[in-house]
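# What the coordinates show
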Amino acid sequence: MRFYPKKFIREKIEEIRKKVGDKKALVATSGGVDSTTCAVLAQEALGDNLVVIFLENGLMREGESEEINKFFSKRGIELQIWDVKEKFFEALKGKIDPEEKRKAFREVFYKTLGQALRSYSVDFLIQGTIALDIIETQKGIKTQHNVLAQIGINPAHYGLKIIEPLKELYKPQVRRVAKELGLPKSICERKPFPGPGLAIRILGEVTPERVEKIRMATVIVEEMIKSDKIFQVFPVLFSDKATGVIEGKRVLGDVIAIRAIESKDGTAGQPYKIPWPKLEKVRDKILKTVPGVVKVVYDITPKPPSTIEYI
């Protein structure tokens, strides 16, 4: 079935206006294409009756809040930035199991948004849940932080009424909607980034120190490995230590894996073949820049059997 972005936008603007009425709504944006598209779509529908919030949870990429703030400022939207790092790190403290970490993030995420709705006297939360989020959560592959009603959790538990205008779309369709709405190429073509941020790319416990390491590695990987064929590219920090030699002395250091995947919509994928000279340059920069790293490996596993993200 052919997809018509203009028609979709018209229908969703009408749907949002009908559901919200003369009340107000809130969108939480992470800077990714899904939530940003959702925010701009909601702005078209609601104008000044929309509040856009960014949760500074300590798990985002370098300079994320500044960049997304610039984007919304240009559109005449005042981005509300909430510093909630302590809440999220406290919730993740001591947790190692991937599902426990995802669920802990979801719990704090929605409790915080429930607080935000009350703070701004807002009635509705509009969020950028897409089809793949729902499918993977329902199948038990992994818990996506932005899926509730579809797995039997009543949003009212968090004091929320949720509208999900993108829930029937996959990533390529969302990008077409974003382009039709006039979003810049830097957002329309941005690689997918998980809602729980860099916590998803850390095996083992999530701490501020470990997040800073993977944040540094993420800057290197994203800047140095680029191709139109790549659906996602990112580093992952392992939990186990490995033997290395630094300044002639044996040490136990960190292991970082590089993951690059080709995929149409994220439902399946094949490893992207990074040219060897490029991979060596990325390896060398990570070893030189990220403290404590003694090994860099390259993941060549397809999806399935693997998922694209590690947890």
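Whatever comes next refers back to the structure up there.
Along every chain, residues carry numbers that run from 1 in the direction the sequence is written. Per-residue local features are limited, in this predicted model, to residues with pLDDT of at least 70; the limit for side-chain atom pairs, both in listing and counting, is 80 or more; totals at the level of whole chains, interfaces and linings are taken over all residues. Heavy atoms from the whole structure form the basis of all side-chain values; hydrogens and water molecules are not counted.

With that out of the way, let us pick up the layout of surface pockets. Looking at the largest pocket, its volume works out to about 1100 Å³. Definitions used throughout: a 1 Å grid over protein atoms alone; a cavity as a set of points that fits a 1.4 Å probe which cannot get out; a pocket as an open set with protein on both sides within 12 Å along at least five of seven lines; a lining residue as one with an atom within 4 Å of a point. Around the largest pocket, the lining is made up of 39 residues, and of these Lys185, Ser186, Glu189, Arg190 and Lys191 lie nearest the centre. Numbering of helices and strands runs from the N terminus, with a helix taken as a DSSP run of H or I at least four residues long and a strand as a DSSP run of E at least two residues long. At the level of elements, helix H3 (64–74), helix H7 (171–180), helix H8 (185–188), helix H9 (208–224) and strand S6 (232–237) are the ones that each hand at least two residues to the lining of the largest pocket. At six residues, H3 tops the list of elements feeding residues into the lining of the largest pocket. Grid points are joined across faces, edges and corners, and a volume is the space filled by probe spheres set on the points.

Once that is clear, we can look at empty space enclosed by the protein. Under the criterion given, the structure shown has one cavity of 30 Å³ or more. Considering only enclosed or pocket space, the largest cavity measures out at about 710 Å³ in volume. Asp34, His145, Phe193, Pro194 and Gly195 are the residues nearest the centre of the largest cavity, which is lined by 44 residues in total. Going through the elements one at a time, helix H2 (33–46), strand S2 (50–56), helix H5 (98–119) and helix H6 (131–138) are the ones with two or more residues in the lining of the largest cavity. Per-element accounting of the lining of the largest cavity gives the leading share, four residues, to H5. Residue polarity is assigned by list, with Asp, Glu, Lys and Arg as charged and Ala, Val, Leu, Ile, Met, Phe, Trp, Tyr, Cys and Pro as nonpolar; anything else, Gly included, falls into the polar class. Per-class residue counts for the lining of the largest cavity are 19 nonpolar, 14 polar and 11 charged.

Residues Leu26, Leu113, Ile126 and Ile286 are the most contacted members of the largest nonpolar core, which totals 88 residues. Only heavy atoms matter for contacts: two residues are in contact if any of them lie within 4.5 Å across the pair. If we ignore the near neighbours within four places in the chain, the residues touching Ile126 are Ile16, Ala25, Leu26, Val27, Ala28, Cys38, Ala42, Leu46, Ile163 and Pro165. Only buried Ala, Val, Leu, Ile, Met, Phe, Trp, Tyr and Cys residues count toward a nonpolar core, and they belong to the same one when joined by side-chain atoms within 4.5 Å. For every residue, the accessible area obtained with a 1.4 Å probe (protein chains only) is divided by the maximum for its type, and the residue is called buried under 20%, exposed over 50%, and partly exposed between those limits. Grouped together as the second largest cluster of nonpolar side chains are six residues, Val236, Ala257, Ile261 and Ile308 included.

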